[in-house]
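If you want the building blocks of each chain, they are given just below.
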Amino acid sequence: MSASILSLRGVTKRFGGLVAVNSMDFDVREHQVMGLIGPNGSGKSTTLNLISGALKLNEGEISLRGTPISNLPAQDIARKGVSRTFQLVRMLSSMTVRENVVAGGVYGHRKRWGSEALRHADSLLERVGLSGQGGLSVGQLTYIDTKRVELARTLAGDPKVLLLDEWLAGLNPTELQIGIDLIKSLRDEGRTVILVEHVMDAIRSLCDQCVVMASGTKIAEGTPTEVLSDREVIRAYLGDDDA
Ligand SMILES: Nc1ncnc2c1ncn2[C@@H]1O[C@H](COP(=O)(O)OP(=O)(O)OP(=O)(O)O)[C@@H](O)[C@H]1O
């Protein structure tokens, strides 16, 4: 079994009186895909924001290979190899697709400059299915293609731990299969992936482990088959009447 690369212990985030993330504990093992799932508003995106440093914890600790990272600014966490995509894609509209990908590497784990950065951006665009599209303005892209660019941007800094926030949402069945295969290939090349996802087919076929949240708290942990047959998880998704 692979070693733990990322650990959360007692991680708590409050927004005023609301406890969005309540004493979360879990470990993510190296080279695995971990699914963070749960009903709307259960605290999944907030947890990703705490890992990436976009939000600061109220209590607890997050460590990367045993070294605490939760007190670091977001760009330092990215430099250590933890990067994320956003649920609402954030593109720099004055730049081309290729320039957006290059910009994504600026705070990354591995930096490239000049022609090397441009070549690397083109190879990432090819990888996400946007071969030859680097010169387009981002305004010319379809929704799906902006998501592809978002992933290429995140990969530009060579992250070891990739945080995907509903990256597969809104894809049609053909695109979904391509997206699933792409995430599998990222794991196969040695990256660790944490994905927040509502698409259950993707959870089943991609995740080695899942953590299920409800109202900010971890209610189950295990393989997709284990957690998706857990009574408390079914109750959290369907409500008491339907469980
Ligand atoms: N910046 C914020 N300020 C105040 N409350 C917030 C903030 N961000 C999130 N929340 C609240 O924290 C709770 C958890 O939200 P979060 O977005 O983490 O849930 P989620 O599981 O990712 O939901 P979804 O699946 O709908 O994206 C919700 O009640 C949400 O309204």
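Predicted model, so just to flag it, every value in this text is computed and none were measured.

Caption draft 1: Seen up close, the overall build of the protein. The number of helices and strands found in the protein is 9 helices and 10 strands. Relative to its length of 243 residues, the protein is compact, with a C-alpha radius of gyration of 18 Å against a globular reference of 18 Å. Taken over the C-alpha atoms alone, the protein extends approximately 55 × 40 × 40 Å along its principal axes. Per-residue burial for the protein yields a buried fraction of 40% across its 243 residues. In the protein, 67% of the contacts between residues at least 6 apart in sequence involve partners at least 24 apart.

Caption draft 2: Molecular detail of the site of the ligand. Taken together, the residues surrounding the ligand are F15, L18, A20, G38, N40, G41, S42, G43, K44, S45 and T46. Taken together, the elements giving at least two residues each to the shell around the ligand come down to β2 (18-29) and α1 (44-52). Broken down by element, the residue count for the shell around the ligand peaks at 3 residues, all from α1. Split into classes, the residues belonging to the shell around the ligand amount to 3 nonpolar, 7 polar and 1 charged.

Caption draft 3: Structural view of the domain arrangement of the protein. Each assigned domain of the protein is listed here: domain 1 (4-81 + 160-242) and domain 2 (93-158). Just the C-alpha atoms count here: the centres of domain 1 and domain 2 sit 25 Å apart. Partitioning the side of domain 1 that touches domain 2 into residue classes produces 6 nonpolar, 3 polar and 4 charged.

Caption draft 4: A look at the environment of Q133. Looking at the secondary structure, you find Q133 in the loop between α4 (114-127) and α5 (143-155). For the pair formed by Q133 and V97, sequence separation is 36 residues and the distance between their alpha carbons is 7.1 Å.

Caption draft 5: Representation of α5. If you check α5, its first and last C-alpha atoms are 19 Å apart, about what 13 residues at 1.5 Å a residue would give, namely 18 Å. Residues of α5 that are buried include every one of K147, R148, V149, E150, L151, A152, R153, T154 and L155, and no others. Where α5 is buried, its residues touch β6 (82-84), α3 (97-104), α4 and β7 (161-165).

Caption draft 6: Highlighting the packing of α3 against α4. Taken N-terminus to C-terminus, the directions of α3 and α4 make an angle of 110 degrees; their axes are 9 Å apart at the nearest point. Overall, the two elements α3 and α4 adopt an arrangement that is roughly perpendicular. In contact with V97, R98, V101 and V102 of α3, α4 contributes A117, L118, A121, D122, L124 and L125.

Caption draft 7: Local environment of the sheet that holds strand β5 (residues 67-68). The antiparallel open sheet is built from 4 strands, whose spatial order is β2-β1-β4-β5. Sheet topology places β2 and β5 at the edges, where each strand pairs with a single neighbour. As judged from the 5 bridges shared by strand β1 (residues 4-15) and strand β4 (residues 59-64), these two strands associate in the antiparallel manner. Among the inter-strand pairings, S7 is bridged to a residue of β4, identified as S63. Relative to β2, α1 is tilted by about 65 degrees, and along the sheet it contacts β1, β2 and β4.

Caption draft 8: Layout of the sheet that holds strand β3 (residues 33-37). Sheet architecture is open: 6 strands sit in the order β6-β7-β8-β3-β9-β10, paired in mixed fashion. Of all strands in the sheet, those with a lone pairing partner are β6 and β10 (217-222), marking the two edges. Averaged over all neighbouring strand pairs, the angle between strand axes comes to 20 degrees, with direction disregarded. Inspection of the sheet shows β3 paired to strand β8 (residues 192-196) by 4 bridges, in the parallel sense. What sits directly across from L36, in β8, is V196.

Thresholds, definitions, all that
Residues numbered from 1 in each chain as written. Predicted model: local features only at pLDDT ≥ 70, side-chain atom pairs only at ≥ 80, totals over all residues. Helix = DSSP H or I, 4+ residues; strand = E, 2+ residues; numbered from the N terminus. Rg over C-alpha atoms; globule rule 2.2 N^0.38 Å. Buried ≥ 20, exposed ≤ 12 C-beta atoms within 10 Å, placed from the backbone. Contact = placed C-beta atoms within 7 Å. Near = placed C-beta within 6 Å. Nonpolar A, V, L, I, M, F, W, Y, C, P; charged D, E, K, R; others polar. Domains from an automatic or database assignment. Expected span 1.5 Å × (residues − 1). Axes fitted to C-alpha atoms, helices over the stretch in contact; angles between N-to-C directions. Parallel < 35°, antiparallel > 145°, perpendicular 65-115°, else oblique. Pairing = 2+ DSSP bridges.

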